[in-house]
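# Reading the structure
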Amino acid sequence: MISSYYCNYLFTFDLKYLPHILHHVHCTDEYFTDGSDDCGNGRERFNICQTLWEKIKMDTEVLQEELNTKILDSLLDFIKRCTSSFQSRTDDWTSHMRASEIPTAALVLGVNVPDHDVTFQSLSELLRKSVTPFAVSVQAKECAGRLLIVIMKLMGVGVTLEDDEEDTGIHLPHKKVSCSVSALSQWYKSMMKTGGSENGFSQSPPIIVIFKDFEAFNPRVLQDFILICNRYIQELPFIFIFGIATSPSTIQHMLPHSVSSLLCIELFQSLPCTQHLATVIDKLILTSQFPFKLSSKVLQVLVSIFLYHDFSVRNFVKGLQLALLEHFHSQPLSVLCCGKNEALLYAQKLSHQDVEMVRQLPSFMRYVENREPQEQVHLLTSDEGVREVCQRFLKDLRKYHKNYYPVLKCLHSLTSSLPKYPLGKQIRELHISCMEKNVWETNEYESAMQLLRLLAKDELVLSLRKCADILKPDKTKKMKSALQQLENYIAKFEQLDKEVTSPGKDLQKKTDLFQLQKTLLEMKGTRRTKKISPFELLRNEALEFIDGLVRSYLTPPELQPLNEVCYYSSSGVLRRHLNATPRTSIQTALSHPFYYLQNESLKTDAGTVSNSAPDICIAYKLHLECGRLINLFDWLEAYATVTSAAEGKDPDSEDFGKVDELKHARFIQAVSELEFLGFVKSTKQKTDHVARLTWGGC
């Protein structure tokens, strides 16, 4: 029915639905060629968007693998050590005590739960490839009553899981199979006899059980499972991996000492999610290799959702991909947001409609206003002149980004170690400040430069070396020149002689009172007319050079002509998609179905609803006119009257407003859906009434 589909549609703001939406977009370019597209370049925009989308996805996966390498290698070494200890057990008391414990890895991954799936998937693949074929991953929702699913997965018993299934969500196999740890022991022995340890694995490969969401498991079920497995530890080489989102102390809270003492626990800590985010921003956003850019407000929206919602880097990347999709859909000139050669080629082929849209861009209008009158007339009347200027603007925009990001990283390396972080601890904070205004005009920048003028020689040279390392990979002429000057300053600092012995050392040799008083007066006069040392002169000169780089290359991007083709700035649209409020979305959809369905027949005046709206919208509108208790019969009659008008029946006919079986069934379904959404509920006060649960509009 329309209403059921409609209710499901209301929740598509959740990020977990984004891949499914974009899968549909990947299959067709109609999203980019709707009626608002006057340029006819929807196919090109679709192809560019898809290419950039795949690049984000691929770069993120590679980055995730690189960040997980260290912790996965540590886990692999731990499991290999445990496996070797299983195979080389001796008869001494220490080995016997260790042999009665189950090796357990406490893997602390942090509260960014949506990112855990990628880590566990990589871990499972690594274990099955290099350690053992007997590695299973389980979640708490699969084991509502008991951990039977672990044994079923290990023994290869056919089992399927469905999210919508009630209770445990597990379909047990049709064939009766004995699923117990004793049966698992017999199965493991038979596997070893039939060559199950071949294919490059050890003689007795371990049985690894990964508990993905340790905190969500039933403590009692977990305790029983550990106790049972411990009884078979001499026969089955169990190894547990606990995926912990909060703190290692969770193990003590969930397992009593009698159970936790049966585990030999080793702690593993993953990379903090904030550090992971900083790496993603550096690789995907703070780079000239990726043409698509985010404005300061859009970046702030994504970062704020990350910091105050779920700490999920995966959802941050999805937000970036959604911004990419919205940009290429809403900006017809985004066809120029691609590689250098492709962008120049598209600029040469701009149609008359494209040229008119270029002339309407705020950055282009500012450029025209600052030109001579003759050139203004040429740019406003000649399409070919606009095409030539666009090619030059695109080249300049590319050079701007190649110079902007190295200087930004240099400034951050100089100021990130200063007290109180005047320009921000994270580079994204400095990047946002530079995009919003001239950063050198801010009080924070002045404070940072004052603190830099107080740095000692060693600290300053170390900071300048970091800047030089940042500039070395860049091949632009201006950055090469800046690198050469920076290296010259470093060489000059190293050539400075050590400071001359201060008067204070001579003071220590004086013992005569008159000479002491004379020396103090000389020191006081020296302070008043103190000369700047060679080091201070060179330090000021080096900092003035850095200040010149900042003023030359860290200008806000909105000052660059044609910046709109690369920068996505609709922060409000992105916030509504990513940070939507369910109650407002539902009430808006039920009160104004045209807002979502975009059907012309649903257009109505404010406060009214079309009689051709979905059944749930009609029932919702009628229930707003009732009090605390709603008479179901009166509600049904009002509903039948509205739907009869939608069917085009004559109001004077006898059948108008008559309740038939079909209308009765549709009404019952609409009321059930409203009850499911929490608008009404049944009441014991009157059997033929329902109670209204909400008041006021959205």
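Residues numbered from 1 in each chain as written. Predicted model: local features only at pLDDT ≥ 70, side-chain atom pairs only at ≥ 80, totals over all residues. Heavy atoms only, no water.

### Things to note about the overall build of the protein
Put simply, the test is: Under the scheme used here, helices are H or I runs from DSSP no shorter than 4 residues and strands are E runs no shorter than 2 residues, and both carry numbers assigned from the N terminus. Only protein chains enter the calculation, and the probe is 1.4 Å; a residue is then buried if its accessible area is under 20% of its type maximum, exposed if over 50%, and partly exposed in between. Working rule for contacts: check all heavy atoms of both residues, and any pair within 4.5 Å makes them a contact. Here the accessible surface of atoms and residues is derived via Shrake-Rupley with a 1.4 Å probe, and residues count as covered only by protein chains that are part of the display.
What the protein contains, in helices and strands, is 31 helices and twelve strands. Taking all 698 residues of the protein together, the buried fraction comes to 45%. Contacts in the protein between residues at least 24 apart in sequence constitute 74% of all its contacts with a sequence separation of at least 6. Accessible surface for the protein amounts to roughly 37800 Å². Of this, 51% is attributable to carbon and sulfur atoms.

### Observations regarding the nonpolar core
Short version of the rule: To qualify as a nonpolar core, a set must consist of buried Ala, Val, Leu, Ile, Met, Phe, Trp, Tyr and Cys residues joined through side-chain atoms within 4.5 Å.
Counting residues in hydrophobic clusters, the biggest one holds 106 residues, and the most contacted among them are Phe292, Leu294, Phe316, Phe364, Leu408 and Leu562. When residues in this core are grouped by element, the largest group, 14 residues, is from helix H18 (residues 383-415). Setting aside residues up to four positions removed in sequence, Leu562 forms contacts with Leu336, Val358, Leu361, Ser363, Cys390, Phe393, Leu394 and Leu397.

### As for the sheet that holds strand E11 (residues 680-682)
Quick note on the threshold: In this analysis, strands are considered paired if DSSP registers two or more bridges between them. To define axes, lines are fitted to C-alpha atoms, for helices over the stretch in contact only, and angles between the resulting N-to-C directions are given on a 0 to 180 degree scale.
Taken in spatial order, the three strands make up an open sheet running E10-E12-E11, and their pairing is antiparallel. Each edge of the open sheet carries a strand with a single partner, namely strand E10 (629-631) and E11. On average, each strand axis in the sheet is tilted by 40 degrees relative to the strand beside it, whichever way the strands run. As judged from the three bridges shared by E10 and strand E12 (residues 689-692), these two strands associate in the antiparallel manner. If you follow Asn631 over to E12, its bridge partner there is His689.

### What about the packing of aromatic side chains?
Formally: Ring geometry is summarised as follows: Phe, Tyr and Trp rings, the Trp one being its six-membered ring, pair when their centres sit within 6.5 Å, and such pairs are stacked at plane angles under 30 degrees, edge-to-face over 60 and tilted between the two.
Tallied over the entire structure, the rule returns 23 aromatic pairs. Relative to Phe667, the ring of Trp635 has its centre 5.5 Å away and its plane inclined at 90 degrees; by these criteria the two rings are edge-to-face. Of this pair, Trp635 sits in helix H30 (residues 632-646) while Phe667 sits in helix H31 (residues 661-677); the two residues are 32 residues apart in sequence, bridging distant segments of the chain. As far as the burial class goes, Trp635 and Phe667 line up, both buried. Here the aromatic residues Phe211, Phe214, Phe217, Phe225, Phe238, Phe240 and Phe242 are joined through ring pairs into a cluster of three or more.

### Considerations on the confidence of the model for the protein
Cut-off, in case you're wondering: The score called pLDDT rates the predictor's confidence residue by residue, from a low of 0 to a high of 100.
In this model, the protein carries an average pLDDT of 83, and 81% of its residues clear a pLDDT of 70 or more. This model gives residues 1-27 a pLDDT under 50, and the stretch forms 50 contacts once residues within four places in sequence are excluded. Every residue in residues 157-177 scores below 50 in pLDDT, and together they form 31 contacts with partners more than four places removed in sequence or on other chains.

### Some words on the pattern of salt bridges
Stated formally: Whenever Lys or Arg places a side-chain nitrogen within 4 Å of a carboxyl oxygen from Asp or Glu, that contact is recorded as a salt bridge.
Under the definition given, this model contains 15 salt bridges. A salt bridge links Lys472 to Asp469, with the nearest nitrogen and oxygen atoms 3.7 Å apart. You can call Lys472 partly exposed: its relative accessible area is 48%.

### Here we look at the sheet that holds strand E5 (residues 207-211)
Across a sheet, paired strands are connected by hydrogen bonds in the backbone, their directions being either parallel or antiparallel. Spatially, five strands are ordered E2-E5-E6-E1-E7 in an open sheet, and the strand pairing comes out parallel. Every interior strand has two partners, whereas the edge strands, strand E2 (135-138) and strand E7 (263-269), have only one. The sheet shows a mean angle of 20 degrees between the axes of neighbouring strands, direction not considered. As paired strands, E5 and strand E6 (residues 238-244) are joined by five bridges and run parallel to one another. Each residue of the ladder has a partner; that of Ile210, found in E6, is Ile241. Across the face of the sheet, helix H8 (residues 219-231) comes into contact with strand E1 (102-108), E5, E6 and E7 while running at roughly 160 degrees to E6.

### Points about the state of the cysteines
Put simply, the rule is: Only a pair of cysteine sulfur atoms within 2.5 Å counts as a disulfide in this structure description.
Inspection of the entire model under this criterion finds zero disulfides. Distance from the sulfur of Cys467, which forms no disulfide, to the nearest cysteine sulfur (Cys410) is 4.1 Å.

### Side note on helix H21 (residues 457-471)
In plain terms, the rule: To estimate how far a helix should extend, the number of its residues minus one is multiplied by 1.5 Å. This arc is taken over the directions from the axis of the helix to the C-beta atoms.
Here H21 spans 21 Å end to end across 15 residues, near enough to the 21 Å set by a 1.5 Å rise per residue. Among the residues of H21, those classed as buried are Leu460, Val461, Ser463, Leu464, Cys467, Ala468 and Leu471. Projected down its long axis, H21 shows its buried positions confined to an angular sector of 160 degrees, all on one face. Where H21 is buried, its residues contact H18, helix H22 (477-495) and helix H25 (534-553).

### Concerning the side chain of His412
Within the secondary structure, His412 sits in helix H18. Setting aside chain neighbours within four positions, we find His412 in contact with Gly424, Lys425, Gln426, Ile427 and Leu430.

### A look at the packing of helix H12 (residues 296-310) against helix H13 (residues 313-330)
Which entries qualify depends on this criterion: In these notes the angle categories are as follows: under 35 degrees is roughly parallel, over 145 is roughly antiparallel, 65 to 115 is roughly perpendicular, and the rest is oblique. Each crossing gets its hand from how the near helix is turned against the far one by less than a right angle, where anticlockwise is left-handed and clockwise is right-handed.
At a closest axis distance of 10 Å, the pairing of H12 and H13 adopts a crossing angle of 155 degrees. On the basis of the axis angle, H12 is roughly antiparallel to H13. When the axes of H12 and H13 are compared, the crossing they make is right-handed. Two secondary-structure elements touch here, H12 through Leu299, Leu302, Val303, Phe306 and Asp310 and H13 through Val313, Asn315, Phe316, Gly319 and Leu320.

### Quick word on the pairing of E2
In E2, alternate side chains face the same way, and those of Ala135 and Ser137 on one face and Val136 and Val138 on the other are all buried. Across four bridges, E2 lies against E5 in parallel orientation. Following the sheet pairing, Ala135 is matched in E5 by Ile208.

### Structural notes on the environment of Cys273
Summarising the element assignment, Cys273 is placed in helix H11 (residues 273-284). Here Cys273 falls in the buried class, since its relative accessible area comes to 14%. Taking C-alpha positions, Cys273 is 8.7 Å from Leu109, a pair spaced 164 residues apart along the chain.

### Side note on the environment of Gly385
As for its placement among the helices and strands, Gly385 is situated in helix H18. For the pair Gly385 and Val355, spaced 30 residues apart in sequence, the C-alpha to C-alpha distance is 9.8 Å. In this structure, Gly385 is in contact with His378 and Leu379, ignoring residues within four places of it in sequence.

### Some remarks on empty space enclosed by the protein
Just so we agree on the cut-off: Buriedness for pockets is judged along seven lines, at least five of which must meet protein on both sides within 12 Å for an open set on the 1 Å grid over protein atoms alone, while cavities are sets there where a 1.4 Å probe fits but cannot get out, and lining residues have an atom within 4 Å of a point. Grid points are joined across faces, edges and corners, and a volume is the space filled by probe spheres set on the points. The nonpolar class holds Ala, Val, Leu, Ile, Met, Phe, Trp, Tyr, Cys and Pro. Asp, Glu, Lys and Arg form the charged class, and all remaining residues, Gly among them, are polar.
As enumerated under the stated definition, the model contains five cavities of 30 Å³ or more in all. Volume-wise, the largest cavity comes out at about 170 Å³. Lining the largest cavity we find 14 residues, and of these Asn68, Thr119, Ser270, Leu271 and His276 sit closest to its centre. Put simply, the parts of the chain that give the lining of the largest cavity at least two residues each are helix H3 (42-87), helix H5 (116-130) and H11. Per-element tally for the lining of the largest cavity: the top contributor is H3, with four residues. In terms of residue class, the lining of the largest cavity is made up of six nonpolar, seven polar and one charged.

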